[in-house]
Amino acid sequence: MSVFTRVLSGLIMVATLQGQAASAAEKLVIAHRGASGYLPEHTLPAKAMAYAMGADYIEQDVVMTSDDALIVLHDITLDRTTDVASVFPNRARADGRYYAIDFTLAEIRQLRATEGFRINNGMQEQGFPGRFPMNQSTFSVPTLQEEIEMIQGLNQSTGRQVGIYPEIKGPEFHRQEGKDISTAVVQVLKDYGYTSKDSPVYLQTFSYAELRIIAEEIFPAAGIEVNLVQLMGNDGEYDWMLAEGGMAQLAQFADGIGPSMGLLVTPESSKGDVQITPLARRAHAANLQIHPYTFRSDPGLVPDYAGSFAELLRIHLFDVGVDGVFTDFPDQAREFLRTSAAD
Ligand code: G3P
Ligand code: CA
C-alpha cells in the first residue's frame, strides 16, 4: 500500500468514525415520565434522576384540575398513581374513577403519588413488579410550572440544556369539560421562554385534530411556534398517516412523529427476520423527526426479535434510523449511545 493510499484510507476511516460519532451523538434520549423505571412516574425525584442520568429531554404528560392548574399526570384520572381513593373516597364518578378535573390543586396536593398499580380482586397490584415499591416513601403530583422550574434550575446549575417534552393529555375530554388545555399549556411554554422551534421543547399529542388547532390557531394567537410531534398508536385512527402520502400531509403541521415502536418494526418480526415498515423512510422523506415509544428493559418487555435491550435500541436507532427514543431507562439508552459513538 502506498503512503498516499494509507493516508487516504486513514482519512476515510477518521471521517467514517466521526460520522458514526456524530450520528450517535445527535440522537435523543427522552426520559419517559422521568426515570420511571427507577422511581414513581412523573414525580420530581424521577425527573431529577432522569436529568442526572443524562437525558436530553424529559417528558411531562399534562392534565388540568378543576381550578385550571396544569399538573403532570399520565392518566386523566388519579386512580392508578395516587392514594385518592383513600383520601377522597366519595369523589369518584359513576364509573368509579377519580378524575383529576374534579379536584382542585389544593386537594391534589393532599395526595401521595406512588408507583403505578391496578386493582385486581380488590387488591392493589403493582404494574411493573420489579420497580420501586408502590406506596413507599413520600411523593407528590407536581404542576407543570414546578417541573419546568426544576429543569430550568438544573440547566443553570449544571450548564447543560435539557429540554422538556410536554404531552397534551385528552384534549377532547378537556374540551367536553369546558377546558382548553392546549391554550393553557402553550401560555406556560411562552411564560417560561419556549417560543420558537429553536427552543428545547417538543409539544406532543395523540390528537391530529388538536395538533392542527395548536398549529393553526393557538400558536398564532400566542405569538409563539415550537416543535410539534404527532403521536401515533396502533389503532385504525392513524391508518391514513401510515399510507403513502400520509407523512407529507402531516408535515404541514408537525415537526415529528412519536409512533409506537410496533409501527416501525412489525410485531411479527423474529430474530434474524426484523421487518422494518416504510414509516421511518416516509417520515424522514417528509422531514419529520421520529421519536418512538416506549423502550423498557423490564423482564419480558423486550421484544423477542431483539433479545436484549441494547439490541432493541440498536435496531431502532441505527437500522430503522430513528432520531430519539422515549425510554423509562434513560441511563441505559445514554450508555448505549455513548458506547455506540465510541465504537
Ligand atoms: O408520549 C409518548 C408516550 O409517552 C406515549 O404514550 O401513553 O406513555 O403517554 P403514553
Ligand atoms: Ca406521553
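Residues numbered from 1 in each chain as written. Chains lettered and ligands numbered in written order. Predicted model: local features only at pLDDT ≥ 70, side-chain atom pairs only at ≥ 80, totals over all residues. Heavy atoms only, no water.

Digging into helix α12 (residues 309-320)
Compared with the 16 Å implied by 1.5 Å per residue over twelve residues, the 15 Å span of α12 between its first and last C-alpha is a close match. If you follow the buried residues of α12, they end up packed against α11 (279-285), β11 (324-327) and α13 (330-342). In the stretch just after α12, G321 is the one whose phi turns positive, near 90°. (Helix = DSSP H or I, 4+ residues; strand = E, 2+ residues; numbered from the N terminus. Expected span 1.5 Å × (residues − 1). Contact = heavy atoms within 4.5 Å.)

Considering the site of ligand 1
Taken together, H32, R33, E59, D61, H74, E167, K169, Q204, F206, L231, Y293 and F326 make up the full set of residues adjacent to ligand 1. Within the side chain of H74, a nitrogen or oxygen atom sits 2.7 Å from an oxygen atom of ligand 1. Contact between ligand 1 and K169: an oxygen atom at 2.8 Å from a side-chain N or O atom of the residue. Taking 280 Å² as the accessible area of ligand 1 by itself, protein coverage stands at 90%. Each residue belonging to the shell around ligand 1 can be placed in one class, and the counts come to four nonpolar, three polar and five charged. (Near = heavy atom within 4 Å. Polar contact = N/O pair within 3.5 Å; in protein donor to acceptor, adjacent residues only side chain to side chain. Areas by Shrake-Rupley, 256 points an atom, 1.4 Å probe, with all protein chains shown as cover. Nonpolar A, V, L, I, M, F, W, Y, C, P; charged D, E, K, R; others polar.)

Thoughts on the coordination of the calcium ion (ligand 2)
For the calcium ion (ligand 2), every protein donor is listed as E59 (OE), D61 (OD) and E167 (OE), and the spread of their distances is 2.1 to 2.4 Å. Along the chain, the residues that donate to the calcium ion (ligand 2) are spaced as E-x1-D-x105-E. Of the two residues, E59 is situated in strand β2 (residues 57-64) and E167 in strand β6 (residues 163-168); the sequence distance between them amounts to 108 residues. (Donors = N, O, S within 2.8 Å, 3.2 Å for Na, K, Ca; no water.)

Looking at empty space enclosed by the protein
Using the criterion set out here, one finds one cavity of 30 Å³ or more in the structure. Considered as a void within the structure, the largest cavity measures approximately 60 Å³ in volume. Along its surface, the largest cavity is lined by E41, H42, T43, V72, L73, H74, T81, A113, S140 and V141. (1 Å grid on protein atoms, 1.4 Å probe; cavity = no way out; pocket = protein on both sides within 12 Å on 5 of 7 lines; lining within 4 Å. Points joined across faces, edges and corners; volume = space filled by probe spheres on them.)

As for the packing of aromatic side chains
Evaluation of the coordinates by the stated rule reveals 13 aromatic pairs. Look at F206 and Y293: their rings are 5.9 Å apart centre to centre, the planes differ by 90°, and that puts the pair in the edge-to-face class. Here F206, found in the loop between β7 (202-205) and α8 (208-222), pairs with Y293, found in the loop between β10 (289-290) and α12; they are 87 residues apart in sequence, far enough to count as distant. Residue F206 is classed as partly exposed on the basis of its relative accessible area, which comes to 28%. Judged by centre distance (6.4 Å) and plane angle (75°), the ring pair of F309 and F329 falls under edge-to-face. Of this pair, F309 sits in helix α12 while F329 sits in the loop between β11 and α13, and the two are 20 residues apart along the sequence. Under the relative-accessibility criterion, F309 is labelled buried at 9%. Of the aromatic side chains, those joined through ring pairs into one cluster are Y57, Y165, Y202 and F326. (Phe/Tyr/Trp six-rings, centres within 6.5 Å; stacked < 30°, edge-to-face > 60°. Buried < 20%, exposed > 50% of the residue type's maximum accessible area, 1.4 Å probe, protein only.)

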